[in-house]
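In case you want the letters, here they are:
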Amino acid sequence: MASVPQRSGSGQAVCGNGGDLSVAGVWRNRCGVLAGAAEARGSRSPEPSGSRLGHPGDRRHAAEMTLQELVNQAARLYSDRKAVWFDECNDKPPTFYTYATVVKLATELTAFLQKHCDQQGKCEIGLYCYPGINLPSWIIGILQVPAAYSPIDPDAPPMLSTYFMRKSNLQYVLVENDKINKFQMSHVGWFYHSSSTIKHLGVTLFQVSSSNTDLNSQVDDVKSKYEPFKATSNSQPGYTICPDQTKVEASEGRYMDVGQKYSLAYILHTSGTTGIPKIVRVPHKCIVPNIQHLKSIFEITQDDMLFLASPLTFDPSVVELFIALTSGASILVVPNTIKMMPVELSAALFHHHHVTVLQFTEVKMINCKVMVFIHYWKKITWQHQHFSEALGGEAFPVLNLLKSWKHKENKTSIFNLYGITEVSSWATCYKIPEEVFSPDFRTDFPIPLGSPLLGTKVEVRDTNGSAILEGEGQIFIGGEERICFLDDEISVPLGTMRETGDFVKVQNAKLFFLGRKDNQIKRHGKRFNIECLQQAAEDLCQVEACAVTWYQHEKLVLFVVPKDDLKKKETLKELQKHLPAHAVPDELVLIKALPLTTHGKVDISELNKIYQNHLNSRRRDSKLSGAEELWERLQYLWKSVLGLLGDSTGISKDAVFLYSGGDSLKALKFYDEIEMLVGKAVPGLLEVILSRSIEEVYRHICKILFPDEDQLMIYDNIVKRKLSGNSGEEFHGKYIKLKSERDLEVASGLTSFIALSRGNHLFSVNFTKSFMQPSNTVQVGVELLQQPSFLHLLTPSVTKSHAQGCEMENRTLTVTNKANKTDSCSVQQVHAECSHVTMAELALCMRWKSNTRKCVDASPLVIIPSKEEASALVYVGSHSHAMQAIDLDLGEIKWEKNLGGRIESSACVSKCGNFIIVGCYDGLVYVLQSNDGEIHWTFVTEDTVKSSAVVDPSSGLVYVGSHDQHVYALDIYKRACIWKLHCEGGAVFSSPCLSSFPYHLYVATLGGLLLAVNPVMGNKIWKSFLGKPLFSSPHCNEKYVCIGCVDGNVYCYTHSGEKVWQFSTNGPVFSSPCISSLTKQEVFFGSHDCFIYCCNMEGNLLWKFEATSSVYGTPFVFQSDDLKNRILLAAVSTDGKVWILNAKSGTAEGTDKLPGEVFSSPVVWGTKLVVGCRNDYVYCLDLYITGDKEQLRC
């Protein structure tokens, strides 16, 4: 290898007789390890002055250049040197391009793009590709336009890519030729491409379709109402450290503008591991100083070879690529699949190409690769080769782990780097002293973050936002020109400081990492950071690697990749010695490798799936043969949790858990183990464990498992024998029934209720004829409009048996209004007193509003129980992760449950009425107890769930779609997935629709497919490809199924799949068709052309009403007997307007305006209209007739 000069007094050179390595630790939002330069020194003469680029003397000039200018400068000096190698790691020999070839191809691409792209002074171009030989030319060709490049991962979920492209306002995307079909299928109708293609460069230019230029707000079903990353001026004094030891001050009134010509280098999105992904626009001025300084620190020369390890969508790839190409060095590229194959990758890196600089996330290094890499690492070291290694993206490894990586003869220099994507890319650097690797050095040596890199300012602030010099606080990063633009930011003050979400301890002017804000949890009244558990586990000699999850905000689970023969019990005991009780994990799960995201970070969602499968497996393996076995296993669990397995004495029937050595944490574990054992939820069990004897715990479980009293007597006798044998005492005591027992009724005791959801979807159970008779009605106070008859509201998808016996002409049902019971008047009185205002307009006033703390895009579910004493409830979710149950009459929150992510899915109710089912952004389908919101079961899908579930009224099965492109049939009582069906491309955003006659399940995808599926077997019956995404949910009657499409049409099919008609509007249709038996022959829907439409079932327009903005939600049909039995339509437009229209004529009967945008759909019960709003509230509006309001209310 070529030599590198030693610089006396610089402190940067790594010297030694052996093979010296420089490795950098990378701490990206978390912490990790990056690699610098390493070589055998002392045997080579210094290079001529100026032959190395990026020398500190060149910084001032170089920092003012763009990335492409730096690459062209290197290409002029090293035109014949190899710039890029591509090795497929198969029988084909690797290919390479020289710097001259890379620049030549880049220049051709630049000319092509300048000809076909309308720059208008500012241009961003997407790059949809896998890494390959042409990658550097593609990127430099885009930069030279000049334009910013925006990498798009072909393997990313299409909705994430679509969101990124729309949010970034990309008008052009370069697509690798062999990825064109995949691109078009993932983004149907959004882009078109010209026949002009540079074939020898392997890319085709796509341009956004002109008909879709207005779709930013609609495709924001990933919706852009995200929390913006906080930007703060650096006006506050405090802990400020800079490389030149001078304080950076922002000049007052000076800004960096995203619209400045040619200022942007690239656009990325954050990984989302610390929250919702953010768009990050990075100027050249922000990233160039970073690259120049790192080149200097690690002494990169033209003789180095770097490895492109990071995904293009992860900003360390920018560092890898441009540290190489601005230094005259080479970059090695291999296919993504090879990166996951340790032996093949190691052979490519070390045998075939002699890579000298690596950058990996720490977990990727550990994950089945570490032993292979260490083998080669040590071998290279002994051969005195120049080598650098980098790890990043996760927490910096503990010292014990680092020591295990280094051979005693290895003189590697290790650096810890820290940074965040929002201030791309690195911020600080610290060189770990060599002495810490000696065998007798203390293992608890803390690793600081280090000093800021060129142009970077670091500040630590307490919870009040005040800068501190000592103590604990959050890191803020910025600099005069170290500025990126996040999401919709247009201009940012120079010197802006970004909140990182990382907490540190400042001690003696050094920063020590404590953990992420996101990783702080409150468990059993104690707040702590789960990283302390991870670090404690990593310090154990039996642990190769580990990760921690806070599963469903309920269980602390430690996942361990074991070394040698790890025993769970001993490991947990060892952790208990080093951790407080609240930080000890509930469970330890052994896995072969840590699952990773495409950015090489630990994939928490995948860990949750592993744990869910682990739970399912345990449930299958723990089936009980009877009550006798239950008693035996209950005693075993009691002893196991209390650590008494070695105690041979029996357990007294009167033994109380808390008095036997238990505490609240152990009680929770005992509770979880019992539910796992019996395979179902046991309501009220925890209270019994905490306050009653083991005998009563046993009887409580038996009451749930064996509810028949005669059977229970038999089981009592079994336990009497067992207990008397153990303690010599007779079985005494009576089972005490807890109130919570009735919380979970079994399916055989169905609750009577009616459930209403968007688009007039109705689901009713056990409504008898007598319940609907006028003799059973109660007086109504403020409800001036009659409730629609149940017969009219019933949809064709509900079985006819529910309607039989209910069809009574001119009879309606009214419900109790508890708030106005004392001063209510009869319906008949209201009829008489209001008869003179039959042509009057309707008015709306707010009855109540409920604060959910973030946008409410979900539509409400309204459940009306048959029991007079029970309240009607509204169930609705929010972007705040909160699911609320609200009293329909009073607006009181009955319960609130925080789920694991945003909720845009609308809820549905189970057949028994005891559960609410709702999808979530965390990929889970939650089954919540309807009375208290507690989690009964969660089902894990592989992506976000925005689809609203539907319940089969006959079987009780729940059908729901996911962005993982599957639709699922779930048995929530058995906690099982009955079947799942892949929908042939395209996420399932909308709600499935169930038809009883014929028995079909209709599913629509964002890939443009409408599918008819057999609800029993899950096989496809027929399909129709509409060509554009389907956000609308299908809706059917006894003859037809209708659906809206973003191509502006509503399509109508027969149940056998034949298209009957299509109706065209002048804008995309996201609204779902509303088909109500109140109107029988009409279908209602909204469009983004600002109209609400009514067509007949032949596809002919009956009327249309012009709203004041786009109509996203689904209309709702209801009836008012007080207005001469007129049938009304409730609809909302996105500007917050609520419209009450005459369903027959389309004329406006009343209107109101909410103080925010509305994407939710309204639901009406009686005179109450419920709808969500983007101002964070869900609203209930009362409908009344204009006139003497007080008189009308009696």
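Treat the numbers as computed from the prediction; the structure is a model and nothing was measured.

A. Representation of the overall build of the protein chain within the structure. When helices and strands are counted, the protein chain shows 26 helices and 64 strands. A total of 1194 residues make up the protein chain; the buried ones form 63% of that total. When the accessible area of the protein chain is evaluated, it comes to approximately 44,500 Å², of which 50% is carbon and sulfur surface.

B. Focus on the sheet that holds strand 55 (residues 1082-1086). Spatially, the four strands line up as an open sheet ordered 54-55-56-57, and their pairing is antiparallel. The two strands at the open ends of the sheet, each matched to only one other strand, are strand 54 (1074-1075) and strand 57 (1101-1106).

C. Quick look at the pairing of strand 51 (residues 1040-1044). Counted residue by residue, strand 51 has five buried out of five residues, so it is predominantly covered. Of the two faces of strand 51, both are covered, the one formed by Y1040, C1042 and G1044 as well as the one formed by V1041 and I1043. Relative to strand 51, strand 50 (residues 1035-1036) runs antiparallel, the two being bridged by two bridges. Within the sheet, the bridge partner assigned to H1035 lies in strand 51 and is C1042. Linking strand 50 to strand 51, which pair antiparallel, is a turn of three residues. Taken together, the five bridges between strand 51 and strand 52 (residues 1049-1054) define a ladder with antiparallel strand orientation. In the sheet register, I1043 faces strand 52, and the bridge partner there is Y1051. Between strand 51 and strand 52, which follow one another and run antiparallel, lie four residues, and G1048 among them has a positive phi close to 95 degrees.

D. Geometry of the nonpolar core. Counting residues in each nonpolar core, the largest one holds 74 residues, and the members touching the most others are L109, L113, I125, L174 and F322. Of the residues forming this core, the biggest block, eight residues, is contributed by helix 3 (residues 99-116). If near-sequence neighbours (up to four positions away) are discounted, I125 is found in contact with L113, C117, I142, A147, A148, Y149, S150, L170, Y172 and L174. I917, V918, L928 and Y968 belong to the second-largest nonpolar core, a separate cluster that totals 38 residues.

E. Summary view of the pattern of salt bridges. Under the criterion given, the structure shown has 30 salt bridges. Notably, a salt bridge pairs R461 with E459, separated by 2.6 Å at the nearest N-O pair. When its relative accessible area of 3% is taken as the criterion, R461 is described as buried. The class of E459 is buried, set by a relative accessible area of 0%. Note that R692 and E696 form a salt bridge whose closest N and O atoms lie 3.9 Å from each other.

What counts, and where the lines are drawn
Counting from 1, residues in each chain are numbered in the order their sequence is written. Side-chain atom pairs in this predicted model are given and counted only at pLDDT of 80 or more, local residue features only at pLDDT of at least 70, and totals for whole chains, interfaces and linings cover all residues. Side-chain calculation: all heavy atoms of the structure are included, whereas hydrogens and water are not. What counts as a helix is a DSSP run of H or I of at least four residues, what counts as a strand is a run of E of at least two, and both are numbered from the N terminus. With a 1.4 Å probe rolled over the protein chains alone, any residue whose accessible area is under 20% of its type maximum counts as buried; one over 50% counts as exposed, and the rest are partly exposed. Surface accessibility follows the Shrake-Rupley procedure with a 1.4 Å probe radius. Residue values consider only the protein chains on display as shielding. Note on pairing: two strands pair once DSSP finds at least 2 bridges between them. We call a set of buried Ala, Val, Leu, Ile, Met, Phe, Trp, Tyr and Cys residues a nonpolar core when their side-chain atoms join them within 4.5 Å. Contacts are assigned to residue pairs that have any heavy atoms within 4.5 Å of one another. We count a salt bridge whenever a side-chain nitrogen from Lys or Arg sits within 4 Å of a carboxyl oxygen from Asp or Glu.

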